[in-house]
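# Results of the structural survey
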Amino acid sequence: MNATIQLAGTNVTIPRLGVGTWAWGDKRVWGMGGYDASLSEASIREAYEASLRAGVTLLDTAEVYGRGESERIIGRLLAQYHDAALPRPQLATKFFPAPWKLNVKVALVDALRASLDRLGVPQVELYQLHGPISLRSHATLADALALAHQQGLLKAIGVSNYSLRETRSMQRELQARGLALATNQVEFSLLRRAPETSGLLEGCKQLGVTVLAYSPIGQGRLTGKYSSANPPPGSRQFSDHPMKLVDPVVAALKRIGKKHERTPSQVALNWLIAKGAVPIPGAKNKRQAEDNAGALGWSVDDEDLRALDATALGGKLSLQNLVWQHG
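Small disclaimer: the values here were computed from a predicted structure and weren't measured.

What follows is about the overall build of the protein chain. If you tally the helices and strands in the protein chain, you get 13 helices and ten strands. A globule of 327 residues ought to have a C-alpha radius of gyration of about 20 Å, and the protein chain, at 19 Å, matches this closely. The dimensions of the protein chain, computed from C-alpha atoms along their principal axes, are 50 × 45 × 35 Å. Of all 327 residues assigned to the protein chain, the portion counted as buried reaches 56%. In the protein chain, 77% of the contacts between residues at least 6 apart in sequence involve partners at least 24 apart. Approximately 13,500 Å² of the protein chain is accessible, and the part contributed by carbon and sulfur atoms is 49%. When the 38 basic and 29 acidic side-chain charges of the protein chain are each reduced to a single mean position, those positions are 3 Å apart.

The structure is reproduced here in structure tokens:
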């Protein structure tokens, strides 16, 4: 398996593991002075540097994460703390296509320019539609993305939480404008296997669309840190799963991890990589970033895959969760 993936229609290559930065700056959901007192800009800087040092160079953010604060933090990291010896990250951010943004061409270009200003860069490697919630047609959305591409503001185009039908439709509209659909970012983990069981994963593969997997370790539920006797903080409602159902999955991860001398998180991430997805777990400090990076450079075997597939939970994606938690 190649160490990198080239995004469709571009010269952009990304690693097989990225960093999701939803927690960077989002006090309402993740802390930054809330329940997670250890999360700070200093710990984020350590996670950033450790990720880049390990070759985990894709940073995924969005305009709505902390109302732009995640992008601002990344911008400060790029401007103030970047070590010349470290690789430059690839930046991915998102446009929230709220139904009331009827003039979506203007709204999207303006939002992207605002994101670029917060990030302190002239262009992002990947710009994504943050969900299929716009009242505008795929043709109109494709027109807006084509304009942003024409203006040199983005290199690759992605979507998030699109069904296979929606993915195909958006790809057709972009192709009609001489562009390609590069990615579809969905919730995918051993606790949310729907992208695979629904046919979305295979369909995207056939289309040449890379699947980015958010919440790949169930927002901490698959790390081995939590159990039914020690559940995660109550504020983590997105991707909620009763730990009594998660415990058998964690037990399988621990067993397989012991076999490969890996942590449960590393096994869970490697399972996704083996499926062809690019997981984008969060990293709030150096330890988490280094643990995530340990998912690279090895592979679960066929026996492991069968065991994990048999243990994995199903579940459907929730648009309501997307709107309220990401918006």
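Next comes the rest of the write-up.
This part takes up the pairing of strand E6 (residues 124-129). Within E6, six of the six residues are buried, leaving the element largely enclosed by the surrounding structure. In terms of handedness, the path from strand E5 (residues 90-95) via helix H4 (residues 104-119) over to E6 forms a crossover that is right-handed. Bridge count for E6 against strand E7 (residues 154-160) is five bridges, and the pairing is parallel. What sits directly across from Leu126, in E7, is Ala156. At this point the chain moves from E6, through helix H5 (residues 138-150), to the parallel E7, and the crossover so formed is right-handed.

Okay, the pairing of strand E9 (residues 210-214) next. Within E9, five of the five residues are buried, which leaves it mostly tucked inside the rest of the structure. Burial along E9 is two-sided: the face carrying Thr210, Leu212 and Tyr214 and the face carrying Val211 and Ala213 are both buried. In the sheet, strand E8 (residues 183-187) pairs with E9 via five bridges, with the strands oriented parallel. Paired with Thr183 across the two strands is Thr210, which belongs to E9.

Looking at where Ala176 falls in the secondary structure, it is placed in the loop between helix H6 (164-175) and E8. The exposure class assigned to Ala176 is exposed, which follows from its relative accessible area of 62%. For the pair Ala176 and Ala139, spaced 37 residues apart in the sequence, the C-alpha separation amounts to 9.3 Å.

Attention shifts here to helix H10 (residues 264-274). Of all eleven residues in H10, ten are buried, a share of seventy percent or more. Every buried residue of H10 is listed here: Pro264, Ser265, Gln266, Val267, Ala268, Leu269, Asn270, Trp271, Leu272 and Ile273. Each element contacted by the buried residues of H10 is listed here: helix H7 (194-197), E9, helix H9 (243-260), strand E10 (278-279), helix H11 (286-293) and helix H12 (302-311).

Summed over the entire model, instances satisfying the criterion amount to 17 salt bridges. With its nearest N and O atoms 2.9 Å apart, the salt bridge here joins Arg76 to Glu41. Taken together, the residues span a long stretch of sequence, with Arg76 in helix H3 (residues 69-81) and Glu41 in helix H2 (residues 41-53) at a distance of 35 residues. With a relative accessible area of 24%, Arg76 lands in the partly exposed category.

Looking now at the side chain of Gln90. If you trace the backbone, Gln90 turns up in strand E5. Reaching out from Gln90, the side chain makes a polar contact with the backbone oxygen of Thr13 at a distance of 3.0 Å. Here Thr57 takes part through its side chain, which lies 2.7 Å from a polar atom of the side chain of Gln90. In this structure Gln90 touches Thr13, Ile14, Pro15, Thr57, Leu58, Leu59 and Glu125, once residues within four positions along its chain are discounted.

Interaxial distance between H5 and H6 falls to 9 Å at its minimum, and their mutual angle equals 50°. Judged by the inter-axis angle, H5 sits oblique to H6. Crossing of H5 over H6 shows right-handed handedness. Contact residues: His138, Ala139, Leu141, Ala142 and Leu145 in H5; Glu166, Ser169, Met170, Glu173 and Leu174 in H6.

With that settled, consider the sheet that holds E9. What the eight strands build is an open sheet, ordered E3-E4-E5-E6-E7-E8-E9-E10; its pairing is parallel. At either end of the open sheet lies a strand with only one pairing partner, and these are strand E3 (18-20) and E10. Packing of H4 onto the sheet brings it into contact with E5, E6 and E7, and relative to E6 it is tilted by some 140°.

Reading the values: rules and limits
- Residues numbered from 1 in each chain as written.
- Predicted model: local features only at pLDDT ≥ 70, side-chain atom pairs only at ≥ 80, totals over all residues.
- Heavy atoms only, no water.
- Helix = DSSP H or I, 4+ residues; strand = E, 2+ residues; numbered from the N terminus.
- Rg over C-alpha atoms; globule rule 2.2 N^0.38 Å.
- Buried < 20%, exposed > 50% of the residue type's maximum accessible area, 1.4 Å probe, protein only.
- Contact = heavy atoms within 4.5 Å.
- Areas by Shrake-Rupley, 256 points an atom, 1.4 Å probe, with all protein chains shown as cover.
- Lys, Arg positive; Asp, Glu negative; His and termini not counted.
- Charge placed at Lys NZ, Arg CZ, Asp CG, Glu CD.
- Right-handed = clockwise from strand over helix to strand, strands pointing away.
- Pairing = 2+ DSSP bridges.
- Salt bridge = Lys/Arg side-chain N within 4 Å of Asp/Glu carboxyl O.
- Polar contact = N/O pair within 3.5 Å; in protein donor to acceptor, adjacent residues only side chain to side chain.
- Axes fitted to C-alpha atoms, helices over the stretch in contact; angles between N-to-C directions.
- Parallel < 35°, antiparallel > 145°, perpendicular 65-115°, else oblique.
- Left-handed = near helix turned anticlockwise from the far one by under 90°.

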